[in-house]
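Single-letter residue listing:
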Amino acid sequence: MRNAIALLGSAVLVVVAAALPGRPAPLPQTHLSITDIYTHPFEVDLPYEQKLSLDLRSGDYRVIASNGEKFSVRTTGDRAEKGRDVSLTFKHMNTHAELRITGGPVNNGPSIQIEVPKSSNLIVRLLFGDLNIEGISGDNEVEMHAGDLNIEVGNPADYAHVDASVGACAIAAGPCGE
């Protein structure tokens with residue numbers, strides 16, 4: 001009987017400790033895979049100030065700030081239907097999310113738009129292509145081997161940190177002086 005009371009007391013203590021103010025509740029873990037992002041655009045809730053890793057197939061991308069805590073991926077433009085052959089995998093663990101985009105044609109493929117919460121901290125890897133980042137105020141770490149990289153920011157004082165490298169072609173970072 002004494003062991004049962006001690007075990008019950010320990011269980012109550014763990015539940016109370018997890019519910020204490022100032023201690024954030026653990027975020028759920030998510031793992032999703034989608035094929036054909038033309039027919040099945042992707043959208044999920046993603047809290048602010050997340051670290052977000054984007055591992056992108058070569059192509060044309062526009063990463064923009066979303067309204068609110070939404071993360072979405074969809075094809076755009078006159079070749080949007082070519083997104084039928086593009087797949088994505090999304091993982092979310094606590095304060096870190098990962099997106100991997102694969103498949104589809106490399107030449108004349110679809111333009112892909114990715115919307116992330118404004119204060120996301122981005123890590124972007126893209127072998128080659130065009131990448132436009134607009135209105136993201138978190139840290140931006142971008143690595144491309146070839147292509148055009150444009151990072152547009154509003155007020156530079158609102159910006160956290162930018163770290164970008166392109167092996168060939170150009171970087172344009174506006175008011176950051178890059």
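Since the structure is predicted, the reported quantities are computational estimates derived from the model, not experimental observations.

Conventions we followed
Residues numbered from 1 in each chain as written. Predicted model: local features only at pLDDT ≥ 70, side-chain atom pairs only at ≥ 80, totals over all residues. Heavy atoms only, no water. Helix = DSSP H or I, 4+ residues; strand = E, 2+ residues; numbered from the N terminus. Buried < 20%, exposed > 50% of the residue type's maximum accessible area, 1.4 Å probe, protein only. Contact = heavy atoms within 4.5 Å. Areas by Shrake-Rupley, 256 points an atom, 1.4 Å probe, with all protein chains shown as cover. Patch = residues over 30% accessible without salt bridge, like charges linked within 9 Å, V, L, I, M, F, W, Y side chains within 5 Å. Salt bridge = Lys/Arg side-chain N within 4 Å of Asp/Glu carboxyl O. Phe/Tyr/Trp six-rings, centres within 6.5 Å; stacked < 30°, edge-to-face > 60°. Polar contact = N/O pair within 3.5 Å; in protein donor to acceptor, adjacent residues only side chain to side chain. Core = buried A, V, L, I, M, F, W, Y, C linked by side-chain atoms within 4.5 Å. Pairing = 2+ DSSP bridges. pLDDT = per-residue confidence, 0-100.

Digging into the overall build of the protein
Then step 1. Along the protein, the regular secondary structure elements total one helix and 11 strands.
Then step 2. Along the protein, helices and strands appear, N-terminal first, in the series α-β-β-β-β-β-β-β-β-β-β-β.
Then step 3. Going through the 178 residues of the protein one by one, you find that 35% of them count as buried.
Then step 4. Sequence-distant contacts, at least 24 apart, represent 57% of the contacts inside the protein between residues at least 6 apart.
Then step 5. Roughly 9900 Å² of accessible area belongs to the protein as shown, and the carbon and sulfur atoms make up 53% of that amount.

Things to note about a nonpolar patch on the surface
Then step 1. A cluster of nonpolar side chains, contributed by Val-106, Leu-127 and Phe-128, occupies part of the molecular surface with about 260 Å² of accessible area.
Then step 2. With respect to the helices and strands, the residue Leu-127 is situated in strand S9 (residues 121–134).
Then step 3. Classification of Leu-127 as partly exposed rests on a relative accessible area of 48%.

Some thoughts on the packing of aromatic side chains
Then step 1. Under the defined criterion, the tally for this structure stands at three aromatic pairs.
Then step 2. Between Phe-42 and Phe-71, the ring centres sit 6.1 Å apart and the planes meet at 80°, which makes this aromatic pair edge-to-face. Here Phe-71 lies in strand S5 (residues 70–76) and Phe-42 lies in strand S2 (residues 42–45), a separation of 29 residues in the sequence. Here Phe-42 and Phe-71 have matching classes, each one buried.

Overview of the side chain of His-92
Then step 1. Looking at the secondary structure, you find His-92 in strand S6 (residues 86–93).
Then step 2. A polar contact is formed between the side chain of His-92 and the backbone oxygen of Asn-94, at a distance of 3.1 Å.

Comments concerning the pattern of salt bridges
Then step 1. If you walk through the whole model with that rule in mind, you get seven salt bridges.
Then step 2. A salt bridge links Asp-55 to Arg-100; its shortest N-O distance comes to 2.4 Å. In this pair, Asp-55 is assigned in strand S3 (residues 51–56) and Arg-100 in strand S7 (residues 96–103), connecting sequence segments 45 residues apart.
Then step 3. Here the salt bridges share partners, and the residues they tie into one network are Glu-43, Asp-45 and Lys-70.

A look at the nonpolar core
Then step 1. Counting residues in each nonpolar core, the largest one holds 32 residues, and the members touching the most others are Leu-54, Phe-71, Val-73, Ile-101, Ile-114 and Leu-131.
Then step 2. A total of five residues in this core trace back to one element, the largest contributor, which is S9.
Then step 3. Beyond its immediate chain neighbours, meaning those up to four positions away, Leu-54 contacts Val-63, Phe-71, Leu-99, Ile-114, Leu-122, Ile-123, Val-124 and Arg-125.

Brief notes about the pairing of strand S4 (residues 59–66)
Then step 1. Direction of pairing for S4 relative to S9: parallel, over a ladder of six bridges. Paired with Gly-59 across the two strands is Gly-129, which belongs to S9.
Then step 2. By the bridge criterion, seven bridges tie S4 to strand S8 (residues 111–117) in an arrangement that is parallel. Paired with Ile-64 across the bridge in S8 is Glu-115.

Description of the confidence of the model for the protein
Then step 1. Averaged over the protein, the pLDDT score is 80; the fraction of residues at 70 or greater is 70%.
Then step 2. In the predicted structure, residues 4–20 sits below a pLDDT of 50 and forms two contacts with residues beyond four places in sequence or in another chain.

Digging into the side chain of Ser-111
Then step 1. You can see Ser-111 is positioned in strand S8.
Then step 2. Separated by 2.8 Å, the side chains of Ser-111 and Asp-60 make a polar contact.
Then step 3. Excluding its chain neighbours within four sequence positions, the residues that come into contact with Ser-111 are Asp-60, Arg-74, Thr-75 and Thr-76.

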